[in-house]
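Here are the chains, one letter per residue:
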Amino acid sequence: MVVLFVVLGVLGIAGPAELRRASAASPAGGLSEAARWLQGYLRVDTTNPPGNEGRAAGYLAAILAQAGVPAHRVETPHHRVSLWSRSVAPGSGGRAVLLLHHMDVVAPGPGWSVPPFDGLVRGGRLWGRGALDDKSLGIAQLAALVDLQRHGGPRGRDVVLLAVADEESGGGEGTAWLLAHHPEIFAGVEAVVGEGGRNQVVNGRLLWWGVEVAQKRPLWLAVEADGRGGHASALNPASAVHQLVAGLARVLAMPQRWRVTAPVRTYLAALAPLHNEHWRKILAHIDESIGESGPRTFLLPGMANLFLDTVQVTVIQAGERINVIPAKARAEIDVRLLPDTDGDAFRAAVGAALGAEVEARVLLTSPPAAPSPSAGRLYAALVKVLGAEAPVVPAMVPGFTDSRFFRERGIAAYGVSPFALEGADSAGIHGPDERIPLAAFDRGVERLKRAVAAYAATP
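Residues numbered from 1 in each chain as written. Predicted model: local features only at pLDDT ≥ 70, side-chain atom pairs only at ≥ 80, totals over all residues. Heavy atoms only, no water.

How do you make sense of the nonpolar core when you look at a structure like this?
What tends to happen in soluble globular proteins is that the nonpolar side chains get buried as a cluster. With 91 residues, the main nonpolar core has Leu-60, Leu-64, Leu-268, Phe-307, Tyr-414, Ile-436 and Phe-441 as its most contacted residues. Aside from chain neighbours lying at most four places away, what touches Leu-268 is Leu-283, Ile-286, Met-303, Leu-306 and Phe-307. (Core = buried A, V, L, I, M, F, W, Y, C linked by side-chain atoms within 4.5 Å. Buried < 20%, exposed > 50% of the residue type's maximum accessible area, 1.4 Å probe, protein only. Contact = heavy atoms within 4.5 Å.)

Would you mind showing me how to read empty space enclosed by the protein here?
For the structure on display, the rule yields one cavity of 30 Å³ or more. Of the volumes computed, that of the largest cavity is approximately 60 Å³. As for the largest cavity, its lining consists of Leu-100, His-101, His-102, Asp-134, Val-164, Glu-167, Gly-194, Glu-195, Thr-401, Asp-402 and Ser-403. Of the residues belonging to the lining of the largest cavity, the class tally is two nonpolar, five polar and four charged. (1 Å grid on protein atoms, 1.4 Å probe; cavity = no way out; pocket = protein on both sides within 12 Å on 5 of 7 lines; lining within 4 Å. Points joined across faces, edges and corners; volume = space filled by probe spheres on them. Nonpolar A, V, L, I, M, F, W, Y, C, P; charged D, E, K, R; others polar.)

In this structure, what is going on with the layout of surface pockets? I would like to understand it.
Take a probe with the size of a water molecule and roll it over the atoms, and the empty space left behind shows itself. One number sums up the size of the second largest pocket: a volume of about 290 Å³. Every residue lining the second largest pocket is counted, 14 residues in all, and those nearest its centre are Pro-255, Gln-256, Arg-257, Asp-309 and Phe-346. Those elements that place two or more of their residues in the lining of the second largest pocket are α6 (240–252), β15 (310–317) and α10 (343–354). (Helix = DSSP H or I, 4+ residues; strand = E, 2+ residues; numbered from the N terminus.)

Which parts of the structure should I look at to understand helix α3 (residues 53–66)?
Along an α-helix, a turn takes 3.6 residues, which lines up residues three or four apart on a common side. Given a rise of 1.5 Å per residue, 14 residues ought to cover 20 Å, and the 20 Å separating the end C-alpha atoms of α3 matches this to within 8%. With ten of its 14 residues buried, α3 lies for the most part within the structure. Every buried residue of α3 is accounted for by Glu-53, Ala-56, Ala-57, Gly-58, Tyr-59, Leu-60, Ala-61, Ala-62, Ile-63 and Leu-64. Just past α3, the residue Gly-68 takes up positive phi, approximately 80°. (Expected span 1.5 Å × (residues − 1).)

Quick question: what am I supposed to make of the packing of helix α4 (residues 135–151) against helix α14 (residues 438–456) here?
Between two packed helices, what matters for the description is the angle formed by their axes and the separation of those axes. Between α4 and α14, the least distance of the axes is 8 Å, while the angle of their chain directions is 50°. For the element pair α4 / α14, the angle class is oblique. Pair α4 / α14 crosses with right-handed handedness. Residue-level inspection shows Ser-136, Leu-137, Ile-139, Ala-140, Gln-141, Ala-143, Ala-144, Asp-147 and Leu-148 of α4 in contact with α14, the latter providing Phe-441, Val-445, Leu-448, Lys-449, Val-452 and Ala-453. Broken down by class, the residue content of the contact of α4 with α14 amounts to eleven nonpolar, two polar and two charged. (Axes fitted to C-alpha atoms, helices over the stretch in contact; angles between N-to-C directions. Parallel < 35°, antiparallel > 145°, perpendicular 65-115°, else oblique. Left-handed = near helix turned anticlockwise from the far one by under 90°.)

Quick question: what am I supposed to make of α10 here?
With twelve residues, α10 should reach 16 Å at 1.5 Å per residue; the first-to-last C-alpha distance of 17 Å fits that figure. Taken residue by residue, α10 has Gly-343, Phe-346, Val-350, Ala-353 and Leu-354 as its buried positions. Down the axis of α10, the smallest arc covering the buried residues is 105°, so these residues share one side. For α10, the exposed residues lying more than 90 degrees away from the buried face are Asp-344 and Ala-352. Contacts from the buried residues of α10 go to β11 (217–226), α6, β15, β17 (328–337) and β18 (358–365). Its side-chain oxygen placed 3.1 Å from the backbone nitrogen of Asp-344, Asp-342 serves as the N-cap of α10. Looking one or two residues beyond α10, the residue adopting positive phi is Gly-355, at roughly 95°. (Arc of directions from axis to C-beta. Polar contact = N/O pair within 3.5 Å; in protein donor to acceptor, adjacent residues only side chain to side chain.)

Help me understand the sheet that holds β18, please; the structure alone is not making it clear to me.
Sheet strands associate in pairs through backbone hydrogen bonding, adopting either a parallel or an antiparallel arrangement. With antiparallel pairing, four strands are arranged side by side in an open sheet as β15-β17-β11-β18. The outermost strands of the open sheet, each flanked by one partner alone, are β15 and β18. Strand-to-strand twist of the sheet, defined as the mean angle between neighbouring strand axes without regard to direction, takes the value 20°. Where α6 meets the sheet, it contacts β11, β15, β17 and β18, and its direction lies at approximately 15° from that of β17. Together, β11, β15, β17 and β18 form the strand contacts of α10, whose direction differs from that of β11 by roughly 25°. (Pairing = 2+ DSSP bridges.)

Below is the structure:
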C-alpha cells in the first residue's frame, strides 16, 4: 500500500517531536541545517530488530514537506515502512538517479561513552548510532534533493530519494520487497547512489575516493544439531552441543582457496599509481603475489578479505545451565563469497563439513552479478566533483549492501561516501561510540549536492 504523508508541521501545527528537538537544540550560528537534520534523525531509535522505521520515515517526510517536496510512505504486510520521493524534471523522459539509504541500524551494544540515541555534539563530532551507517548519507541525499527543489534550474534527469527499512537484516522487508511489489518507484532509474564507499585519509590528507562498484555476496546459514538431553553428569559424547561444535570445527578447518577476481584486479590496478614504488609493483601485478594456497608476499591489513571466501561463526545458542545437557544446539554462520564463487558448491562443501548430524538452512543468499561500470553519466558526475580533490578509483569491498539487488537487474549501482574521514572516526560502524566530525559531514553534504546536480543537469 502506498499513501501520501500528511505532515501537520507545514500547516503550522506541531510536527514530529524529533524535528522540533533538532531545531531547538541548535540555535542560529550553531549546527548547519543538514547537521540539525542529522541530529534529529539520530534521535529516532530504529534498531533492527524491530526497526520501527515508520517514525524515521515520518521525520524525513516532515523535512521534505517543509521544502515543498511530497513524500510517499510504503508499508509491508509486516508493517516495515519505507519512504520515497521523486523530483521530476520536464524533458527527462522519466530517466532518473536513485539516492538510496537505509533507516534501520544495528543494536548499539555495550561500551558507549555517550547515550547512543541522544544525538550529542562533543569534540566537534555528532555522536549516535547511525551517524556513519547510514543516516549521515541519507541526510546528505535528502539535502541534495531539497537543494534541487530550492534552486530549480534546467535539468535533464529526475532524482528519486528512497529511505528503506531492514537493510541490516538483509533487505527482505526493504529494497527487495519494494522491487517486487512497487516497481513504480524505480521507473526509469538508470543508476543508484548508495552506501559502501571506501575512502583513504591519512594524517588529514585525502589520498583517494573509493567508489564501490563490486562487493562480496552473502551466504548466511543457520545450523542446528539434535541430541539426547539430560543431566550433565552422564556420559553423552554425541550430545547436540558436541555434534554442533565438532561440525563447526570441521567447517573452520576447510582449506582456503586464495584467488584474484576481476573486480579486485581492477581496483588494485587503479590504486597502484597512488602508492610508493614497492606497493605500486605489487598492486599492479597482484596475480604474481597471490597463490592458491596463500600470498607470496606481505599484504596490507585487511587485504586478505579481497582474495578469500570467508566463514565466520557469529551466534551460538545451546544450554542455559552448566549441569544440564540441552537437546538442541544452534549456530549462525556469516559466509562472504567472492563475486564469482559458485554459491551452491560452497554451500554443499559447508554441509559436508558439518556432517549428517548437523542440519544447515540458508537464511540469506545472493546470486552473482557483474560489477557496475566505471563509466556513464553518474560515474562521470562523481569523478567530476570528487576528482577535484583526489583521484577516484572503482573499489571492491568485502561487505555487501542493497546495491546487489540493482546489479542483479543490470542497473548500475555505486557505493559512495562523500565524507573524508580518518580511520579512528570510522571505527564506530557496528561498534560503540559511532560518530561523525561535523566539519567533514558538512563538506560531504556539499559534495553530494554538487554531484547530484551535475548528474541531473541538462547536458
